[in-house]
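So the chains spell out like this:
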Amino acid sequence: MRRILTKATAALVMGVIVAVAIGAAPASAANVRYRAAGSCNLDGKEFRADIHTWGKPTRNNPGVYTEVQLWGYKFDAGIDAAIVAAVQVRWYDGSWHPTGPMGVVNQPPADGKWHNGPRNTGVQDIGYLNPNSPFAIRITAYTGGLNSDLCSVFLRPVDLVWIG
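Report follows, based on the coordinates.

What counts, and where the lines are drawn
Residues numbered from 1 in each chain as written. Predicted model: local features only at pLDDT ≥ 70, side-chain atom pairs only at ≥ 80, totals over all residues. Heavy atoms only, no water. Helix = DSSP H or I, 4+ residues; strand = E, 2+ residues; numbered from the N terminus. Buried < 20%, exposed > 50% of the residue type's maximum accessible area, 1.4 Å probe, protein only. Contact = heavy atoms within 4.5 Å. Polar contact = N/O pair within 3.5 Å; in protein donor to acceptor, adjacent residues only side chain to side chain.

## Some remarks on the environment of serine 39
Phase 1 of the analysis: Within the element layout of this structure, serine 39 appears in strand S1 (residues 34–42).
Phase 2 of the analysis: Look at serine 39 and you get partly exposed, because its relative accessible area is 41%.
Phase 3 of the analysis: In sequence terms serine 39 and cysteine 151 are 112 residues apart; their C-alpha atoms lie 8.9 Å from each other.
Phase 4 of the analysis: Leaving out residues up to four positions away in the same chain, serine 39 has contacts with Glu46, Phe47, Arg48 and Val153.
Phase 5 of the analysis: Polar side-chain contacts of serine 39 include one of 3.1 Å to the side chain of glutamate 46.

## Side note on the environment of serine 152
Phase 1 of the analysis: Relative to the helices and strands, serine 152 is located in strand S9 (residues 150–155).
Phase 2 of the analysis: You can call serine 152 partly exposed: its relative accessible area is 26%.
Phase 3 of the analysis: Distance from serine 152 to tyrosine 142, taken between C-alpha atoms, is 9.0 Å for residues 10 residues apart in sequence.
Phase 4 of the analysis: When near neighbours in sequence (up to four residues on either side) are disregarded, serine 152 contacts Cys40, Arg138, Ile139 and Thr140.

Written as C-alpha cells, this is what we have:
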C-alpha cells in the first residue's frame, strides 16, 4: 500500500513539474486571466458568448497554445433557444474549419443571464499553428420552432483581453 501511495505521489509531483515547465494550468475559474467575448443577432435579439483562458497566445510565437478554461453564453429573454454548441476551429484556405468539439447545451435557458457551457465533448486550446493560421473557438446558437435561425461568435486569440 505504501509503495502505491509513493508512486501516486511521485506521479502527481511529476505532473505538476511538467505542467509548470510547459506553462499549463489546471482548468478552473481561479486560473482565468484573459477573456474574449462577442455577440450576434438571433431572431432580432442578441446572443452573447465568451471564453476564459489562462494565457494569451500571439502570432509572433506560433506553436504556443492556451487551454480554454471556461466558456459561456447569454440569450436575451424571449429567444426560442434550441441549442448552443462550442467547437474549436482553425483558419486556413480563407475560412474557418471545425477541428474539435468542446461542449453542447440542448434547450439552453433564454433568461438574459450568463450561463457556463459544459466541457462535455472535450477540452480545446487556442493559439497559432503559424502566424496566419490561428485556432479559435466558435460558439453557435440555434433557435427552434418554425422560424429556426442560427448565428455564430468566433473568439480568436487576438480577441483575448486581460481581466486579472
